[in-house]
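Read off the chains here:
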Amino acid sequence: MAPGGQKHLFAFNTIYNQLETALQIDPDGHANNEIANNIWVQLGGTPYTWLSGDASGFRFHHNLWFGGLLQSAAPSSTDVYADPAFLRAGGYSSGDYALQRGSSALAAGQILAQVSRDYTNKLRLASPALGALESWQDASDALIDHYYRAILGRNPDAGGKTFWGNEAIRMR
């Protein structure tokens, strides 16, 4: 068996406020590992990753980082550095980590053939969202527009569309 991690994919995960480092990589003969399309949120200054030794066997890309301490081997030019705007961060159900409208994690990912569905088994979009949950924004927008026109005879205002869009995400 070859030493170290070989050809592993760690993708489309949502990691929120771990008490300790969320990902530890010890020195070994790592090669062709990919860490992509994840959302990493660490509060209180805890490091996201612990990379001891050579991290050249890992390719980090299309990740969102917020709050924690970032090691120099992890970031890439395709990363996002912002609050992911979860619906209810700190909650105990997966829906609490759905992305609100305007989240910088929406459509920020890269398609990976190995991960075609999200945590709820929804197909990933052509421009996938980062993290475990794909966005339902386009489908809910169309439905909200339809109901406003059918019931109220008008297009939704921005506040109403945002409210009902976030409700649709919450009820997902």
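A brief report on the enclosed structure follows. Because the structure is a prediction, the values reported are computed rather than measured. (Residues numbered from 1 in each chain as written. Predicted model: local features only at pLDDT ≥ 70, side-chain atom pairs only at ≥ 80, totals over all residues. Heavy atoms only, no water.)

### A closer look at the sheet that holds strand S2 (residues 14-16)
Either a parallel or an antiparallel arrangement is found when strands of a sheet pair, and the pairing is made through backbone hydrogen bonds.
Okay, step 1: With parallel pairing, four strands are arranged side by side in an open sheet as S2-S5-S8-S9. With one partner strand each, in any of the chains shown, S2 and strand S9 (80-81) form the two edges of the open sheet.
Okay, step 2: As judged from the two bridges shared by strand S8 (residues 64-66) and S9, these two strands associate in the parallel manner. Paired with Trp 65 across the strands is Tyr 81, a residue of S9. (Pairing = 2+ DSSP bridges. Helix = DSSP H or I, 4+ residues; strand = E, 2+ residues; numbered from the N terminus.)

### Describing unusual backbone geometry
Okay, step 1: One non-glycine residue with positive phi stands out, namely Lys 7, at about 60 degrees.
Okay, step 2: Mapped onto the fold, Lys 7 is located in the segment before strand S1 (9-11).
Okay, step 3: A positive phi angle, close to 50 degrees, is found at His 62, a residue other than glycine.
Okay, step 4: With respect to the helices and strands, the residue His 62 is situated in the loop between strand S7 (58-61) and S8.

### Here we look at the sheet that holds strand S4 (residues 33-36)
Okay, step 1: Taken together, the three strands give an open sheet; going across it, the order is S1-S4-S7, and neighbouring strands pair in parallel fashion. A single partner strand is all that each edge strand has here, and the edge strands are S1 and S7. Each adjacent strand pair in this sheet contributes to an overall mean axis angle of 10 degrees, direction not counted.
Okay, step 2: Relative to S7, S4 runs parallel, the two sharing four bridges. In the sheet register, Glu 34 faces S7, and the bridge partner there is Arg 59. (Axes fitted to C-alpha atoms, helices over the stretch in contact; angles between N-to-C directions.)

### Some thoughts on the packing of aromatic side chains
Any pair of aromatic rings gets described here by the distance separating the centres and the angle formed by the planes.
Okay, step 1: This model, assessed by the stated rule, comprises seven aromatic pairs.
Okay, step 2: Between Phe 86 and Tyr 97 the ring centres are 5.2 Å apart and the planes differ by 75 degrees, which places this aromatic pair in the edge-to-face class. Note that Phe 86 is positioned in the loop between S9 and helix H1 (137-152) and Tyr 97 in the loop between S9 and H1, a separation of 11 residues in sequence.
Okay, step 3: You can call Phe 86 buried: its relative accessible area is 7%.
Okay, step 4: According to the relative accessible area criterion, Tyr 97 is buried, its value standing at 15%.
Okay, step 5: Through successive ring pairs, a cluster of aromatic residues spans Phe 10, Trp 40, Phe 60 and Trp 65. (Phe/Tyr/Trp six-rings, centres within 6.5 Å; stacked < 30°, edge-to-face > 60°. Buried < 20%, exposed > 50% of the residue type's maximum accessible area, 1.4 Å probe, protein only.)

### Things to note about the pairing of S4
As a general feature of sheets, a regular strand has side chains that alternate between the two faces.
Okay, step 1: The alternating pattern of S4 places Asn 33 and Ile 35 on one face and Glu 34 and Ala 36 on the opposite face, and all of these are buried.
Okay, step 2: Across three bridges, the pairing between S1 and S4 is parallel. Pairing of Leu 9 across the sheet is with Glu 34, part of S4.

### Section: the environment of Arg 101
Okay, step 1: The residue Arg 101 is located in the loop between S9 and H1 in this model.
Okay, step 2: Taking the relative accessible area as the measure of exposure, Arg 101 reaches 18% and is therefore buried.
Okay, step 3: For the pair formed by Arg 101 and Trp 40, sequence separation is 61 residues and the distance between their alpha carbons is 19 Å.

### Digging into the environment of Thr 14
Okay, step 1: Relative to the assigned elements, Thr 14 resides in strand S2.
Okay, step 2: According to the relative accessible area criterion, Thr 14 is partly exposed, its value standing at 26%.
Okay, step 3: As for Thr 14 and Tyr 97, which are separated by 83 residues in sequence, their C-alpha atoms are 7.8 Å apart.
Okay, step 4: Excluding its chain neighbours within four sequence positions, the residues that come into contact with Thr 14 are Ile 39, Phe 86, Tyr 97, Gly 131 and Ala 132.
Okay, step 5: Only 2.9 Å separates the side chain of Thr 14 from the backbone nitrogen of Ala 132, close enough to count as a polar contact. (Contact = heavy atoms within 4.5 Å. Polar contact = N/O pair within 3.5 Å; in protein donor to acceptor, adjacent residues only side chain to side chain.)

Shape is all these values report; function is a separate question.
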